[in-house]
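# A look at the structure
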Amino acid sequence: MFRRQILKSMGVAGLALATGISAAAAQETVKVGLILPMTGPSASTGRQIEAGARLWMAQNGNTVAGKKIELIIKDDTGAADQSKRLATELVVNDKVAFLGGFGLTPLALAVGPVATQAKVPAVIMAAGTSTIVASSPYFVRTSFTLPQNTAPMAQWSAANNIKTVVTLVSDYGPGLDSEKAFKAEFEAKGGKVLETLRSPLMNPEFAPFLQKAKDLKPDALFLFVPSGQGASLMKQVNERELAKAGIKIIGTGDVTDDDQLNGMGDQLIGMITSHNYSAAHDSPENKAYVAAFLKANNNMRPNFMSVGGYDGMAAIYKALEKTKGDTDGTKLVEAMKGLSWVSPRGPMSIDPATRDVTQNVYVREVKKVDGQLYNVEFATIPNVKGSN
Amino acid sequence: MSMITSPSPEAVQARAVLLGRSNWGAAEIAFWILAVACYWIFPTKLSLLSEIAILGLVALSVDLVLGYAGIVTLGQGAFFGIGAYAAGLAAKHGMGTSLWSDPLIGLFIGGGVAAFIGFATSFLVLRGSDMTRLMVTLGVALIVDEVVNQMKWLTGGSDGLQGVLPSAVLGIWDFDLFGRVAYVYSLVVLFVLFVIARALVKSPFGLSLQAIKGNQLRTRAIGMPVNARLIAVYTVAAFYAGVAGALAAQTTQFASPDYVAFHRSADAMLMLVFGGAGHLYGGLLGSVIFRTMQDVLGNITPQYWQFWLGVTLVALVLFVRGGILGLLDNLLSAWRRKGGAS
Amino acid sequence: MLTILLDGIAYGMLLFILAVGLCVTLGLMNFINLAHGTFAMAGGYLTITLMQQMGVPFLLCLPAAFIFAAVLGLVLERTLYRHLYDKTHLDQVLFSIGLVFISIAMVDYAYGANQQIVNLPDYLTGRLNFLGASIGVYRVFVILICGLLVISLQLVLTKTRFGSRLRAAVDDGRVARGLGIDVTRIFAVTFAVGSGLAGLGGALGTGIISFDPTFPLKYMIYFLIVISVGGTTTITGPFLAAILLGVADVAGKYYVPAVGGFIIYTIMVVVLIVRPQGLFARAAGK
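This write-up is about the structure you can find in this document. (Residues numbered from 1 in each chain as written. Chains lettered and ligands numbered in written order. Predicted model: local features only at pLDDT ≥ 70, side-chain atom pairs only at ≥ 80, totals over all residues. Heavy atoms only, no water.)

A few words now on the side chain of Glu77 of chain C. All names here are of chain C. The topology assignment puts Glu77 in helix α3 (residues 58-79). Judged by its relative accessible area of 0%, Glu77 falls in the buried class. Beyond its immediate sequence surroundings of up to four residues, Glu77 is in contact with Arg82, Tyr85, Phe187, Ala188 and Phe191. (Helix = DSSP H or I, 4+ residues; strand = E, 2+ residues; numbered from the N terminus. Buried < 20%, exposed > 50% of the residue type's maximum accessible area, 1.4 Å probe, protein only. Contact = heavy atoms within 4.5 Å.)

Structural data, given as structure tokens:
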């Protein structure tokens, strides 16, 4: 009788343990949920990140610290309420140990509260506005921030005889971030921003803004548009012959996105941009990365979004190794702080104070190499912080 | 001469028909019981179900203007967005404690602001052909979209409105991560508004709307105040869409320009036509099926689900008249013919 | 600023060529075809494929795009569209949106989600300067081609038998049928030509606007604006409307960037309130 009772209670206790709510802690499989815009205007971002993430897993296996890693990809179509819902479902139904992805700022901001409430680390692999990481203690970024990528451009311009600039950015978070960062840095170095133009995000016609920029006759025109719009912007820049009018075209690397650069035409040769990644980055890690990426993805060239995904998975793997497989969210975030490694982009690390990415930013020029257009780096600003 | 005589048999029959219209059919009751049961049947999908309930409410609002009054509109999404931002701002500035953050008050704020704007713009839909009204309402919706994006100081611009923290529903139930409270809340609101809408369309007012839809000229000729009725129904529909927006802001705890984007209007109309307009349930059914299909297809093929959805739409229109309800109607009558008259 | 005016005119004329097919189908058969942008997209993507992958010269791509889109339109009309003439507007809307989804997914699958780029031939690049304004050579090209098309369309409508039959059918289909005019055949031909023109517009547009799979949805709104402001009973109406809108959009964004995006919507709403049948429509028999 007694024995039966003990066995029963042991059985019940065992059952309770097995179906415990902190499911992740007891599982053999660790799930990583990526929320990406796979359709809609930002679809190319989603594809690049997915390809980068999968490449990491293909190269490094799918076992870490004795746990099997399972990747789940969800399409949020670029709509923030979808991102939030998918994040909730991933956390509650699939019991993911990591969230990741987030192609645009509002998508990341929407997921913040979910990550905080569920205590699940969320790795930002794309979104670039500086305020995101601070909005939840569970955010870690492996992509870049606009101020990080923009300030070096302002510094280079000031040091290279450019005195007046007109800025043209897309009218949304990262665009405004970039405009602010450029203006602050450039004017601090003695330059003058003549006018800050903003084009609507969903804009088919850049012509009037470019014409206005041309009429203002600055030394240089600074451009920022999200990845994917660079092609039509540059087409109209060329059409308006701004370069021939003596205006230097500068911008962040989003405009000369590796994904599209090669098709954008030879008129781009000579354009100077600053960014955290170029497919032409001269390091053994990058050469291997690009070769493997091209092979695995039908000759699609990797761009800065893909390394966000690649390094995002790297951070996840390294964190798990550090916690020896423990999937407690808070411990994982702690493990990610201070991680540093050499990525295809160059050396990078996760700032322990801000959880943002610190990396080199390069100033590059568009050149033709082996018959293809590349962003060839010629200056490096080391260890730029993502946010302060 | 005394007119007080006992009613003629025809009058009695007419009264019975008119009153009988308000009886709840078995299928209706089954629908709502199923909706409630979903809470227990699909405990892991409650966020999606809340979303469907909210979409259903918007589709319902479109049904009121389109299915019953015959006003072709692509502007309901604007009211949805306005309601979302109004309620979101209320909750944000109430900061979770004051009366402003109370969800129910938020609903009224959202619905109220939307209704006000609906009333103010209702004159736009009184004139013109279908195409005109389509374009005017679309234009208004696009303008609202632009305004929301431009008024960054108020709406947070393209980054969206953060910090929307509604307090607990009725002071008791806090919105939880699993979406439980959200679903029950959304479903109850939907049900209450549905009952009101149902009473509205079964009433003489509702009948007059259908008359207007059928032949506006003739309805005017018999002396009915057509414009007043149209304005009334348009305002009510705006209120409904605004409440749906408020629900969305409260259950997702933020508002973004996506809430005023054109596709909200387009989706609502799509779901309504998909389900079958003019029967009140069309919008609800359409939302359930369309959204579920989108979710299921999206899981199977994250990149190309749109293709299969498109195929379904095309097939539905080619082979069936009146959307899903039309399809069900066909099946039902076919079944009845087979089983019944022999 | 003359430059801005010319930019706007070029943009407007392009919009017109893209939208004219839709305008005629709507006016003629009262059929709301929201998938019209698909034919434009087909023309654009065909041009991109021919030029990028097969090195076909640009000028050849233009008629190719026209023919391709026209044939596509004819096939679709005969197989799918004609079942829908009797259905309600709502059904037509649902159907055409379904087609749009299908086409977006297909293009996405074949070409990827990125914006496509076309490198124009050298003789079409560069700028011209006259009267103190500068305008891109390509835009001049667009204006010329579109101008020619408008004139020929107007000539066909007013001077040929087919044109007069078409106008009769638009004014009052029943009476036209009663006179023995084969309205269905006219419609098939018109639909094909309209789609072909959209395809041509798409091909021309590759030099100015961006092409990605979401093109039909993005531009649909502009087409609808052109048609509702211009009215559906003439083609000069939408033509003038398109120019007006093109100039207003470009000038608005130049002079008042904060409200630039608004301007065309506001114009449209105001016009429709004041004249619901469109700015330039004449009172038709319907």
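Moving on, we come to the interface of chain A and chain C. Taken together, the contact pairs 28 residues of chain A with 28 residues of chain C. Both faces considered, chain A and chain C share a buried interface measuring about 2600 Å² in area, 49% of it formed by carbon and sulfur atoms. Counting every contact that joins chain A to chain C gives 1 salt bridge. Note that Arg47 of chain A is salt-bridged to Asp108 of chain C, the shortest N-O span being 3.2 Å. Inspection of the chain A/chain C interface yields 3 residue pairs in polar contact (both at pLDDT 80 or more). Sorting the residues of the side of chain A that touches chain C by element identifies α3 (43-60), α8 (207-216), α9 (230-239) and α10 (258-261) of chain A as the ones contributing at least two each. Of all the elements, α8 of chain A adds the most residues to the side of chain A that touches chain C, at 7 residues. (Buried area = accessible area lost by both parts, 1.4 Å probe. Salt bridge = Lys/Arg side-chain N within 4 Å of Asp/Glu carboxyl O. Polar contact = N/O pair within 3.5 Å; in protein donor to acceptor, adjacent residues only side chain to side chain.)

It is worth spelling out unusual backbone geometry at this point. All names here are of chain A. The backbone of Asn161 sits at a positive phi, close to 70°, despite the residue not being glycine. With respect to the element layout, Asn161 can be found in the loop between α6 (146-159) and β7 (164-170). When its relative accessible area of 59% is taken as the criterion, Asn161 is described as exposed.

Next up on the list: the pattern of salt bridges. Taken as a whole and assessed by the stated rule, the structure comprises 23 salt bridges over all chains. Where Lys287 of chain A meets Asp282 of chain A, a salt bridge forms, and the shortest distance between an N and an O atom there is 2.9 Å. Given a relative accessible area of 63%, Asp282 of chain A falls into the exposed group. For Arg291 of chain B, the salt bridge identified is with Glu51 of chain B, shortest N-O distance 2.7 Å. Of this pair, Arg291 of chain B sits in helix α13 (residues 281-300) while Glu51 of chain B is found in helix α3 (residues 46-68), placing the two residues 240 residues apart along the sequence. Residues Arg291 of chain B and Glu51 of chain B agree in their burial class; the two are buried. One salt-bridge network, in which partners are shared between bridges, spans Arg85 and Glu89 of chain A together with Lys45, Glu51, Arg291 and Asp295 of chain B.

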